[in-house]
Each structure stands twice: as C-alpha cells, then as structure tokens.
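The lines below spell out each chain.
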Amino acid sequence: MTPTIGCIVRYRAHGSPNGQHEPEQRAAIIAKVHDERTVDLMVVNPTGLFFNQSCKYDESGLTPGSWFWPPHL
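It should be emphasised that the depicted structure is a prediction, and the values quoted were computed from it without experimental measurement.

Visitor: It is not clear to me how unusual backbone geometry should be interpreted in this structure. Could you clarify?
Guide: Across the chain, the bulk of peptide bonds are trans and the bulk of non-glycine residues have phi less than zero. The backbone of Ser 54 sits at a positive phi, close to 55°, despite the residue not being glycine. By secondary structure assignment, the location of Ser 54 is in strand E4 (residues 48–56). Judged by its relative accessible area of 44%, Ser 54 is partly exposed.

Below, the structure written as structure tokens:
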C-alpha cells in the first residue's frame, strides 16, 4: 500500500524510559508523506494527541516510534 494523507495507520508508542509502561499500539493519521516509508503522524493517545515527525515504517510493528499498516479483515 502507498501512504497518503488521511490514511489511518498504527503507531508503536515508545513506552516509558523506566519500563513502567510498555510500548503499545496507538491509532494514527498520516498528516504528511515524505516518501513511501517516512511520514508525519497525528497519534491518538488516551490523554490527547501527539505529533510525530519523520516516523519510519516497520512492517513488523514492533519497533517503538515506527508506524505500520493495520491488518485487513
């Protein structure tokens, strides 16, 4: 798939540095496309919105700070 502005993707949050909160998935909307693997995201968190610039694609969805496509049902 090709990322475009407005696409809903998933983002792997970093979690807390002390390990209290594990990295977990969040919903995100693509705000800008740099190339097929790098985008700017608006991430939806339980406490509000977070803006992440130059976020890299990771197909596995396991790398904190990366984005990936949700599974197709």
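Visitor: What am I meant to see in the environment of Gly 15 here?
Guide: Considering the arrangement of structural elements, one finds Gly 15 in the loop between strand E1 (8–12) and strand E2 (25–35). The class for Gly 15 is partly exposed, based on a relative accessible area of 33%. Gly 15 has contacts with His 21, Glu 22 and Pro 23, leaving out every residue within four places of it along the chain.

Visitor: What am I meant to see in a nonpolar patch on the surface here?
Guide: There is a patch of nonpolar side chains on the surface, built from Val 44, Leu 49 and Phe 51 and spanning about 300 Å² of accessible area. Here Val 44 lies in strand E3 (residues 38–45). Residue classification places Val 44 among the partly exposed residues on the basis of a relative accessible area of 38%.

Visitor: Explain the pattern of salt bridges here, please?
Guide: Close approach of charged atoms allows side chains of opposite charge to pair. In the structure shown here, the tally under the stated rule is 1 salt bridge. With its nearest N and O atoms 3.3 Å apart, the salt bridge here joins Arg 26 to Glu 24. For Arg 26, a relative accessible area of 19% corresponds to the buried category.

Visitor: It is not clear to me how the sheet that holds E3 should be interpreted in this structure. Could you clarify?
Guide: Paired through backbone hydrogen bonds, the strands of a sheet run either parallel or antiparallel to each other. Strands sit in the order E4-E3-E2-E1-E5 across an open sheet of 5 strands; the sheet is antiparallel. Each of the sheet's edge strands pairs with one partner strand only, and the pair in question is E4 and strand E5 (67–68). Pairing between E1 and E2: 5 bridges, direction antiparallel. Note that in E2 the partner of Val 9 across the bridge is Ala 28.

Cut-off values and rules
- Residues numbered from 1 in each chain as written.
- Predicted model: local features only at pLDDT ≥ 70, side-chain atom pairs only at ≥ 80, totals over all residues.
- Heavy atoms only, no water.
- Helix = DSSP H or I, 4+ residues; strand = E, 2+ residues; numbered from the N terminus.
- Buried < 20%, exposed > 50% of the residue type's maximum accessible area, 1.4 Å probe, protein only.
- Contact = heavy atoms within 4.5 Å.
- Patch = residues over 30% accessible without salt bridge, like charges linked within 9 Å, V, L, I, M, F, W, Y side chains within 5 Å.
- Areas by Shrake-Rupley, 256 points an atom, 1.4 Å probe, with all protein chains shown as cover.
- Salt bridge = Lys/Arg side-chain N within 4 Å of Asp/Glu carboxyl O.
- Pairing = 2+ DSSP bridges.

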